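An overview of the molecular structure
The lines below spell out each chain.
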Amino acid sequence: PISNGKIAWFMGGLAVVLLALLSPLDEIGDTYLFSAHMVQHLLLILAAAPMLLLGTPGWMLSPLLRNPIVRGAGRWLTNPVVAFMIFNINFAAWHFPNLYQATLLNENIHILEHLLFLATAVLNWWPVIGPAEELPRLPSPGQMLYLFLEAIPGTVLGAIFVFADGPLYPFYISAGGLFGISPDVDQQLGGLIMGTVCS
């Protein structure tokens, strides 16, 4: 049986995905405000991914993990160092100006970005809250260290946005902002949101 708690976590994770991708937040972030786009990304990686993981019973994954090839690949991907690197490299790479601009101009690339955010965030959370015994979590002291180190890349990326010499993304300059927020302030706000939430 699946507990009510797990059902609530999973349904909550789906609700966060819907909020991030099918609410006015999506339109505002895609069209007007970098800061809204950052909120959208953070909802996917810091709320939806762990909630979906907490709502997934380990026994659902066990049949798949009986296959030694799948289990071996899973153990490699959920290794703390590998999961940390895959997630943070992916997250940082999508914020390079050319790639980020491409997501705003091409919806297929944008969908790929969001899918990769969600998938790599699940890997990233696995060493702390992974549900399958076949792919073990870190012991508690290791989890604390892992979460401490996890705060560093997002904080550094947020600082880059805050202290950049002007807007990094021409798309938002031409968009003209919203609610009277200039592109400069919008980018700084996005950086502050990222740095504060990630830390």
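Residues numbered from 1 in each chain as written. Predicted model: local features only at pLDDT ≥ 70, side-chain atom pairs only at ≥ 80, totals over all residues. Heavy atoms only, no water.

Quick look at a nonpolar patch on the surface
Taken together, the side chains of Ile2, Ile7, Phe10, Met11, Leu14, Trp59 and Met60 make up a nonpolar region of the molecular surface, amounting to roughly 670 Å² of accessible area. Among the elements of the structure, α1 (4-22) and α4 (58-65) are those that each provide at least two residues to the nonpolar patch. By residue number, the principal contributor to the nonpolar patch is α1, which donates 4 residues. Along the chain, the position of Met11 falls in helix α1. (Patch = residues over 30% accessible without salt bridge, like charges linked within 9 Å, V, L, I, M, F, W, Y side chains within 5 Å. Areas by Shrake-Rupley, 256 points an atom, 1.4 Å probe, with all protein chains shown as cover. Salt bridge = Lys/Arg side-chain N within 4 Å of Asp/Glu carboxyl O. Helix = DSSP H or I, 4+ residues; strand = E, 2+ residues; numbered from the N terminus.)

Brief notes about the packing of helix α6 (residues 80-93) against helix α9 (residues 140-163)
The N-to-C vectors of α6 and α9 enclose an angle of 15°; their axes lie 11 Å apart at closest approach. Of the possible angle classes, the one that applies to α6 and α9 is roughly parallel. Crossing hand, α6 versus α9: right-handed. Mapping the contact onto sequence places Pro80, Ala83, Phe84, Phe87, Asn88, Phe91 and Ala92 in α6 and Tyr146, Leu149, Glu150, Pro153 and Leu157 in α9. Of the residues contributing to the contact of α6 with α9, the split by class is 10 nonpolar, 1 polar and 1 charged. (Axes fitted to C-alpha atoms, helices over the stretch in contact; angles between N-to-C directions. Parallel < 35°, antiparallel > 145°, perpendicular 65-115°, else oblique. Left-handed = near helix turned anticlockwise from the far one by under 90°. Contact = heavy atoms within 4.5 Å. Nonpolar A, V, L, I, M, F, W, Y, C, P; charged D, E, K, R; others polar.)

Let's talk about the confidence of the model for the protein
With 98% of its residues at a pLDDT of 70 or more, the protein has an overall mean of 93. Mean pLDDT across the elements of the protein ranges from a minimum in helix α10 (residues 170-175), with 82, to a maximum in α6, with 97. (pLDDT = per-residue confidence, 0-100.)

Remarks on the packing of helix α7 (residues 97-105) against helix α8 (residues 107-129)
Running from N to C, α7 and α8 point in directions that differ by 115°, and their axes come no closer than 5 Å. Considering only the axes of α7 and α8, their crossing is left-handed. Residues Ala102, Thr103 and Leu105 of α7 form the contact with α8, whose participating residues are Glu107, Ile109, His110 and Glu113. Partitioned by chemical class, the residues of the contact of α7 with α8 number 3 nonpolar, 2 polar and 2 charged.

Some remarks on the nonpolar core
Phe34, Ile45, Phe91, Tyr100, Tyr172 and Met194 are the most contacted members of the largest nonpolar core, which totals 39 residues. Secondary structure elements with two or more residues in this core: α1, α3 (34-54), α6, α7, α8, α9, α10 and α11 (183-198). The element that contributes the greatest number of residues to this core is α3, accounting for 10 residues. Sequence-distant contacts of Phe91, defined by excluding residues within four places in its chain, comprise His41, Ile45, Phe117, Leu157 and Met194. (Core = buried A, V, L, I, M, F, W, Y, C linked by side-chain atoms within 4.5 Å. Buried < 20%, exposed > 50% of the residue type's maximum accessible area, 1.4 Å probe, protein only.)

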